[in-house]
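Coordinate analysis (summary)
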Amino acid sequence: MKRKGQPIATRQVPLQADDELEWQISYQNPDGGPVELGEWLRLAYEYELLSREDIRQLHSLVLSHREFFDEIFAIEEELASREFEGFKLQWRKHPMLRRELWSEDGLEATIMVELRHRQRAVGFQAMVFLLIPLQRCEPVDLIGRPAKPKEIAYWSPSKDILIALVHAFSISSRSHQKDISHLLKGFIGNDRGIHDLG
């Protein structure tokens, strides 16, 4: 949980409507099975929130990208003129992409793509984060009080959020693009409108 970009202790301070749940979201497990976004897409297709044609169009959008965030942008190091206790100050700048998704009644969610150190390997990778305003969660009485121990908040993504998340992953890196392409292809099998990446 974050407030104006800073983590907060949810059981110690009253929660506010504009506090955000930050979720580093994934789409498949190490075995290639759908999780999180992948599972949402499966359910959206199964319950016809996304049609066969929606999946085809989404797949075409995924394949249309030829430039990728992790190849164009890099983490930059900058040496400052300031010193602190005999140490020179240095800044490390992480590139980020940000997209806010709005509806008639306000901000629905924010998607962030950030270049960070790989968690289990050497180098950097693009990570996708979903920021969900607390006012979009249930129960509604979460706002104005600290969270209770082991309390659970509920939230449901809209079709626009699902599409924007697929878009975010498909521009993040070539490997994400390839994975998302195969994930979408898997929902409708050997459809003639769906092709593998070359």
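Before going into details, it helps to say that this report is about the structure given with it. (Residues numbered from 1 in each chain as written. Predicted model: local features only at pLDDT ≥ 70, side-chain atom pairs only at ≥ 80, totals over all residues. Heavy atoms only, no water.)

Further remarks concern the overall build of the protein chain. Along its length, the protein chain carries 5 helices and 8 strands. Counted from the first residue to the last, the protein chain has its helices and strands arranged as β-β-β-α-α-α-β-β-β-β-β-α-α. Scored against the burial criterion, the 198 residues of the protein chain give a buried share of 35%. Sequence-distant contacts in the protein chain: of pairs separated by 6 or more residues, those separated by 24 or more amount to 53%. In the structure as shown, the protein chain presents an accessible area of about 12500 Å², 51% of it carried by carbon and sulfur atoms. Between the centroid of the 26 positive side chains of the protein chain and the centroid of its 31 negative side chains there is a distance of 3 Å. (Helix = DSSP H or I, 4+ residues; strand = E, 2+ residues; numbered from the N terminus. Buried < 20%, exposed > 50% of the residue type's maximum accessible area, 1.4 Å probe, protein only. Contact = heavy atoms within 4.5 Å. Areas by Shrake-Rupley, 256 points an atom, 1.4 Å probe, with all protein chains shown as cover. Lys, Arg positive; Asp, Glu negative; His and termini not counted. Charge placed at Lys NZ, Arg CZ, Asp CG, Glu CD.)

Once that is clear, we can look at the packing of aromatic side chains. Applying the stated criterion across every chain, the model contains 5 aromatic pairs. On the basis of an interplanar angle of 90° and a centroid distance of 5.2 Å, the ring pair of W23 and W40 is categorised as edge-to-face. A residue pair is termed long-range when its members are at least 10 positions apart, and W23 in strand β3 (residues 20-24) and W40 in helix α1 (residues 37-46) qualify at 17 residues. Classification of W40 by relative accessible area gives buried; the value is 17%. By the ring-pair criterion, three or more aromatic residues cluster together here, those being W23, W40 and W155. (Phe/Tyr/Trp six-rings, centres within 6.5 Å; stacked < 30°, edge-to-face > 60°.)

Time to look at the pattern of salt bridges. Applying the stated criterion across every chain yields a total of 15 salt bridges. Of the charged contacts in the structure, one is a salt bridge between E22 and K2, with a shortest N-O distance of 3.1 Å. One end of the pair, E22, is in strand β3; the other, K2, is in strand β1 (residues 2-3), with 20 residues separating them in the sequence. On the basis of relative accessible area, K2 is assigned to the partly exposed category, the value being 21%. One network of salt bridges, in which partners are shared, links E39, R42 and E46. (Salt bridge = Lys/Arg side-chain N within 4 Å of Asp/Glu carboxyl O.)

Moving on: the pairing of strand β7 (residues 106-117). The element β7 is extensively covered by neighbouring structure, given that 10 of its 12 residues are classed as buried. Of the strand pairs in this sheet, strand β6 (residues 96-103) and β7 are connected by 8 bridges, and their pairing is antiparallel. What sits directly across from W102, in β7, is L107. Counted between consecutive antiparallel strands, the loop separating β6 from β7 contains 2 residues. As defined by bridge partners, β7 adjoins strand β8 (residues 124-133) across 8 bridges and the pair is classed as antiparallel. Across the sheet, residue T110 finds its bridge partner in β8, namely L131. (Pairing = 2+ DSSP bridges.)

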